[in-house]
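# Examination of the molecular architecture
Here is what each chain is made of, one letter per residue.
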Amino acid sequence: MRYGISSKGLGLLAVLGLGALPGQPSVAQEPININAYRLTFAENFDSLDVSAWGEKRSRWIAHTPWNGDFGDARFTDPAPGFPFTTDQGILKIEARKGTDGTWRSGLLSSVNPKGEGFSQQFGYFEARMKLPPGKGVWPAFWLIGVDRSKYTAEIDVLEYYGRAPYEFSMGFHIWRQSQGGQNSTGGYWNKVQDGILNSDYHTYGVDIQPDKTSFYFDRQFIWSFDTPKEFHMPFYPLVNLALGSGWPIDETPNPSVLLVDYIHVYQRKPAEAAN
């Protein structure tokens, strides 16, 4: 929820549940069978190859490719020790309030403003993360379609609002208003045991296939919908620690830290090779 409308307006839309799609998780749905997929992108954060805008053809850039910040913390260029550090295969994205009163934090995108970098059409996108506690934090793992000439397709694999440590949201947006069309949006709120997202690592994934798009938590099926035609293009991953989304940040812990174990992307194998 970070393209086309202010973050405050979108945060309120999410809380009100506007635009949510019908349908509930079905007990007939099975966990994702990762053996039916092959790994195509593996970021294990043993180190981090990042530059501000991809000027060094780095694996990641530290901004959205369209230069669109959101939330109440500035996404800052990478510098030694902030906002990104890696240690023993864990990425730490830190949000910190400076002596000037300004919050700064970090975002990673695998595609730069020239469209260079990793993207993939269809497949399973997954991140394993431990979310920061505290009111005002707004971490996310999300995807954007590479072709934004007619609309912007966005998939939110995880959005978490620190004011509610017992739930997180997943959903999608197709932003068409800038081209004179109507936006489409849908989402699902997943309830969890209070605090478990902050106390341990969990996986958040989405499987985009030509007919169905399905969301998973710890590889257990959560929610799905019919894949719109706008999703028939390559998508690229982004991960960030934002603040706010319409919620006060006066009680946000300083610093706050999002821990990311890995970001992996898979492509479904041919049926005969999946067994």
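Residues numbered from 1 in each chain as written. Predicted model: local features only at pLDDT ≥ 70, side-chain atom pairs only at ≥ 80, totals over all residues. Heavy atoms only, no water.

Going by an unreviewed UniProt entry, the protein carries the name Glycoside hydrolase family 16 protein and comes from Rhizobium lentis. Per UniProt, the protein has the following entry under Sequence similarities (unreviewed entry): "Belongs to the glycosyl hydrolase 16 family." (UniProt positions renumbered as here; feature names shortened; annotations may be inferred.)

### As for the pairing of strand E12 (residues 152-159)
Among the eight residues that make up E12, eight are buried, leaving the element largely enclosed by the rest of the structure. As defined by bridge partners, strand E11 (residues 137-145) adjoins E12 across five bridges and the pair is classed as antiparallel. Within E12, the position partnered with Ile144 by the bridge is Glu154. Counted along the chain from E11 to the antiparallel partner E12, the turn is six residues long. (Buried < 20%, exposed > 50% of the residue type's maximum accessible area, 1.4 Å probe, protein only. Helix = DSSP H or I, 4+ residues; strand = E, 2+ residues; numbered from the N terminus. Pairing = 2+ DSSP bridges.)

### Brief notes about the nonpolar core
Core analysis: the biggest nonpolar cluster contains 52 residues, and Met129 and Phe141 have the highest contact counts within it. When near neighbours in sequence (up to four residues on either side) are disregarded, Phe141 contacts Phe125, Glu126, Ala127, Met129, Asp156, Val157, Leu158, Tyr204, Pro237, Leu238, Val239 and Ile263. With 13 residues, the next largest nonpolar core counts Phe75, Tyr161, Leu238 and Ala242 among its residues. (Core = buried A, V, L, I, M, F, W, Y, C linked by side-chain atoms within 4.5 Å. Contact = heavy atoms within 4.5 Å.)

### Some words on unusual backbone geometry
In this model, Phe82 is joined to Pro83 through a cis peptide bond whose omega is -5 degrees. Considering the arrangement of structural elements, one finds Pro83 in the loop between strand E4 (74-75) and strand E5 (84-87). Residue Pro255 is bonded to the preceding Asn254 through a cis peptide linkage, with omega at 5 degrees. For Pro255, the location among the structural elements is in the loop between strand E18 (234-243) and strand E19 (256-268). Located in the positive-phi region is Asn67, a residue other than glycine, with phi close to 60 degrees. Along the polypeptide, Asn67 turns up in the loop between strand E3 (60-61) and E4. Owing to a relative accessible area of 54%, Asn67 belongs among the exposed residues under this scheme.

### With respect to the pairing of strand E10 (residues 123-130)
In terms of burial, E10 is a largely internal element, six of the eight residues being buried. Of the strand pairs in this sheet, E10 and strand E15 (residues 202-208) are connected by seven bridges, and their pairing is antiparallel. By the bridge assignment for E15, Gly123 is matched with Ile208. Alignment of E10 against E19, held across seven bridges, turns out to be antiparallel. When the bridges of E19 are listed, Glu126 appears paired with His264.

### With respect to the layout of surface pockets
A volume near 210 Å³ is recorded for the second largest pocket. Lining the second largest pocket are 14 residues; nearest its centre among them are Tyr37, Asp207, Ser214, Tyr216 and Arg268. When the residues that make up the lining of the second largest pocket are grouped by side-chain class, the tally is five nonpolar, four polar and five charged. (1 Å grid on protein atoms, 1.4 Å probe; cavity = no way out; pocket = protein on both sides within 12 Å on 5 of 7 lines; lining within 4 Å. Points joined across faces, edges and corners; volume = space filled by probe spheres on them. Nonpolar A, V, L, I, M, F, W, Y, C, P; charged D, E, K, R; others polar.)

### A look at the side chain of Ser256
With respect to the secondary-structure elements, Ser256 resides in strand E19. With relative accessibility at 2%, the residue Ser256 sits in the buried group. Separated by 2.7 Å, the side chain of Ser256 and the backbone oxygen of Pro253 make a polar contact. (Polar contact = N/O pair within 3.5 Å; in protein donor to acceptor, adjacent residues only side chain to side chain.)

### Description of the environment of Gly244
Relative to the helices and strands, Gly244 is located in the loop between E18 and E19. A relative accessible area of 2% places Gly244 in the buried class. Between the C-alpha atoms of Gly244 and Phe70, which are 174 residues apart in sequence, the distance is 9.1 Å. In this structure Gly244 touches Asp72, Gly136, Trp138 and Ile249, once residues within four positions along its chain are discounted.

### Looking at the packing of aromatic side chains
Tallied over the entire structure, the rule returns 24 aromatic pairs. Arranged with centres 5.1 Å apart and planes meeting at 65 degrees, the rings of Phe70 and Phe75 form a pair that is edge-to-face. With centroids separated by 5.4 Å and ring planes inclined at 80 degrees, the aromatic side chains of Phe231 and Phe235 adopt a geometry described as edge-to-face. The pair Phe231 / Phe235 is uniform in exposure class, with both members buried. An aromatic cluster is present here, built from Trp66, Phe70, Phe75, Trp138, Trp142, Tyr161 and Trp189 joined pairwise through their rings. The ring of Trp247 is capped by Arg163, whose NZ or CZ atom sits 4.4 Å from the centre of that ring. (Phe/Tyr/Trp six-rings, centres within 6.5 Å; stacked < 30°, edge-to-face > 60°. Lys NZ or Arg CZ within 6 Å of the ring centre and 35° of its normal.)

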